[in-house]
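Each chain is listed here by its residues.
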Amino acid sequence: MVSGSSLTSTSTPSTSLLKDELDIVIPTIRNLDFLEMWRPFFQPYHLIIVQDGDPSKMIRVPDGFDYELYNRNDINRILGPKAACISFKDSACRCFGYMISKKKYIFTIDDDCFVAKDPSGKEINALEQHIKNLLSPSTPFFFNTLYDPYREGADFVRGYPFSLREGAQTAVSHGLWLNIPDYDAPTQLVKPLERNTRYVDAVLTVPMRTLFPMCGMNLAFNRELIGPAMYFGLMGDGQPIGRYDDMWAGWCMKVICDHLGLGVKTGLPYIWHSKASNPFVNLKKEYKGIYWQEELIPFFQTAVLPKECRTVQTCYLELSKLVKAKLGKVDDYFNKLADAMVTWIEAWDELNPSGNPGSTAAVKPNGAAKGK
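Residues numbered from 1 in each chain as written. Predicted model: local features only at pLDDT ≥ 70, side-chain atom pairs only at ≥ 80, totals over all residues. Heavy atoms only, no water.

Participant: A description of the overall build of the chain should follow, citing residues and the corresponding values.
Facilitator: Helix and strand counts for the chain stand at 10 helices and 11 strands. By principal-axis analysis of the C-alpha atoms, the chain measures approximately 55 × 50 × 50 Å. With 372 residues in all, the chain has 55% of them scored as buried. Counting only contacts in the chain whose residues sit at least 6 apart along the sequence, the fraction spanning at least 24 positions is 76%. Element-wise, carbon and sulfur atoms account for 53% of the exposed surface of the chain, whose accessible area totals about 16,400 Å². The distance from the centre of the 41 positive side-chain charges to the centre of the 42 negative ones in the chain is 1 Å. (Helix = DSSP H or I, 4+ residues; strand = E, 2+ residues; numbered from the N terminus. Buried < 20%, exposed > 50% of the residue type's maximum accessible area, 1.4 Å probe, protein only. Contact = heavy atoms within 4.5 Å. Areas by Shrake-Rupley, 256 points an atom, 1.4 Å probe, with all protein chains shown as cover. Lys, Arg positive; Asp, Glu negative; His and termini not counted. Charge placed at Lys NZ, Arg CZ, Asp CG, Glu CD.)

Dropping the structure here:
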């Protein structure tokens with residue numbers, strides 16, 4: 001692990017919401033020059049950088065950021081045999097950052113995502129909007145036609161039950177993207193020039209018992225409420241599938257949130273997704289997933305967890321049993337994935353020995369890097 005900091009002086013917002021309660025997790029294989037654009041918004045916060053690929057490659061982090069950088073050697077050293085549950089050569093490795101964090105909240109972003117502008121031309125502080133989403137309730141039990149009733153200028157509409165207006169705790173805030181949309185490979189191939197220019201000024205709660213395709217490139221969550229469910233699965237090197245890591249996590253997370261009565265929001269904030277990945281490479285990664293998802297979606301739509309499951313960990317372990325029993329028949333990969341889900345929870349609990357997902361044991365190997 002590498003860690004560090006710098007005394008470089010730059011302007012930062014006068015107030016930084018949850019500065020001591022939030023980590024920013026970034027998976028990467030390259031120098032993090034993109035952070036320069038985010039400096040006014042990210043510099044007050046602690047970064048956890050998860051380096052994918054060759055651990056001998058040096059990753060440059062701009063001066064002035066407080067960060068820890070973990071590579072594959074660090075992951076293997078910290079988790080031992082359980083490191084097998086963390087994907088290699090895939091951005092799914094970011095979930096190691098969720099596990100190692102000691103903060104209550106996580107914001108994760110990809111290194112090809114830049115600061116977007118709203119229709120007035122003002123730069124969007126995506127992190128601030130995510131925090132607002134997480135700190136206000138959700139409405140999963142009854143849909144409000146004015147969307148988020150807790151935003152300024154909105155409220156509950158006529159006919160909304162008063163007994164439900166207190167809402168539910170928000171576990172996840174799912175942001176969107178301008179410019180390059182998050183399309184699958186077949187859609188990329190038939191719409192190679194399509195760009196998202198529509199800015200919709202809205203935040204919605206995803207209704208209970210409704211699934212959605214979660215994207216991990218602009219995402220925040222309450223680690224204490226839902227952290228152990230945010231496992232991005234087995235993807236990348238040695239696996240038959242890729243680019244389904246965030247969606248797998250999202251489907252598992254949503255089933256558990258519904259069971260525990262937690263809320264999930266989607267909409268604002270927007271980031272600027274700067275580049276499209278190669279659709280032919282993506283198709284090689286996705287093609288089994290495109291086929292399998294016709295089995296996966298009905299599985300998650302009908303998954304029922306026992307009422308005795310009242311923690312995220314027990315819910316997730318129960319879900320792993322269902323994955324093995326029902327999806328193992330689809331392909332043996334899901335038996336392996338179900339075992340990895342169990343290993344993930346075991347590793348999470350080892351690094352969080354108090355049993356509180358927000359209280360992580362300090363594990364800092366000598367070889368790791370820090371910066372500031």
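Participant: I'd like a rundown of the UniProt feature "site: Required for activity" (unreviewed entry) in the chain, residues and numbers included.
Facilitator: As annotated by UniProt and renumbered to match this structure, "site: Required for activity" (unreviewed entry) occupies Arg158 and Arg165. Along the chain, arginine 158 falls in the loop between α4 (126-135) and β7 (170-179). Overall, the relative accessible area of 85% leaves arginine 158 in the exposed class. Tracing the chain through its elements places arginine 165 in the loop between α4 and β7. Sequence-distant contacts of arginine 165, defined by excluding residues within four places in its chain, comprise Tyr150, Phe156, Val157 and Tyr160. (UniProt positions renumbered as here; feature names shortened; annotations may be inferred.)

Participant: Tell me about the pairing of strand β9 (residues 218-222), residues and numbers included.
Facilitator: Residues in a regular strand project their side chains so that they alternate between the two faces of the sheet. Counted residue by residue, β9 has five buried out of five residues, so it is predominantly covered. Judged from the three bridges that link them, β7 and β9 form a sheet pairing that is antiparallel. Residue valine 172 lies in a different strand from β9, and its bridge partner there is phenylalanine 221. (Pairing = 2+ DSSP bridges.)

Participant: Lay out the environment of aspartate 111 with the relevant residues and their values.
Facilitator: With respect to the helices and strands, aspartate 111 occurs in the loop between β5 (105-109) and β6 (113-114). We classify aspartate 111 as buried; its relative accessible area is 12%. When the C-alpha positions of aspartate 111 and phenylalanine 300 are compared, they lie 30 Å apart, and in sequence the two are 189 residues distant. Setting aside anything within four residues of it in sequence, one finds aspartate 111 in contact with Pro27, Thr28, Ile29, Arg30, Leu32 and Phe34. In this structure the side chain of aspartate 111 is engaged in a polar contact, spanning 2.6 Å, whose partner is the side chain of threonine 28. In this structure the side chain of aspartate 111 is engaged in a polar contact, spanning 2.9 Å, whose partner is the side chain of arginine 30. (Polar contact = N/O pair within 3.5 Å; in protein donor to acceptor, adjacent residues only side chain to side chain.)

Participant: Tell me about the layout of surface pockets, and name the residues and values.
Facilitator: Volume-wise, the largest pocket comes out at about 1,400 Å³. The wall of the largest pocket is formed by 46 residues, among which Ser91, Asp110, Asp182, Arg243 and Ser277 lie closest to the centre. Listing elements by their share of the lining of the largest pocket, those giving two or more residues are β2 (22-28), β7, α7 (245-260), β10 (263-273) and α8 (279-302). Each pocket or cavity is described by its volume, and for the second largest pocket that value is around 560 Å³. Lining the second largest pocket are 18 residues, with Glu128, Gln129, Lys132, Arg151 and Leu268 positioned closest to its centre. If you tally residues by element for the lining of the second largest pocket, the top one is α4, at four residues. Class assignment for the residues of the lining of the second largest pocket results in five nonpolar, four polar and nine charged. (1 Å grid on protein atoms, 1.4 Å probe; cavity = no way out; pocket = protein on both sides within 12 Å on 5 of 7 lines; lining within 4 Å. Points joined across faces, edges and corners; volume = space filled by probe spheres on them. Nonpolar A, V, L, I, M, F, W, Y, C, P; charged D, E, K, R; others polar.)

Participant: Describe empty space enclosed by the protein, listing the residues and the values that go with them.
Facilitator: As enumerated under the stated definition, the model contains one cavity of 30 Å³ or more in all. Taken as a whole, the largest cavity holds about 40 Å³ of empty space. If you go around the largest cavity, the residues you meet are Met235, Ile241, Tyr244, Trp248, Trp251, Leu296, Tyr333 and Phe334. Elements supplying a minimum of two residues to the lining of the largest cavity: α7 and α10 (333-351). Along the lines of polarity and charge, the residues of the lining of the largest cavity split into eight nonpolar, no polar and no charged.

Participant: Hey, could you go over the pattern of salt bridges for me, with residue numbers and the actual values?
Facilitator: Pairing between side chains of opposite charge can happen when their charged atoms approach one another. The final tally for this structure, using the stated rule, is 15 salt bridges. Note that arginine 151 and aspartate 201 form a salt bridge whose closest N and O atoms lie 3.0 Å from each other. Of this pair, arginine 151 sits in the loop between α4 and β7 while aspartate 201 sits in the loop between α5 (185-190) and β8 (203-205); the two residues are 50 residues apart in sequence, bridging distant segments of the chain. As a salt-bridge pair, lysine 321 and glutamate 318 come within 3.7 Å of each other at their nearest N and O atoms. Of this pair, lysine 321 and glutamate 318 both sit in helix α9 (residues 312-327), separated by three residues, roughly a single helical turn. Judged by its relative accessible area of 53%, lysine 321 falls in the exposed class. (Salt bridge = Lys/Arg side-chain N within 4 Å of Asp/Glu carboxyl O.)

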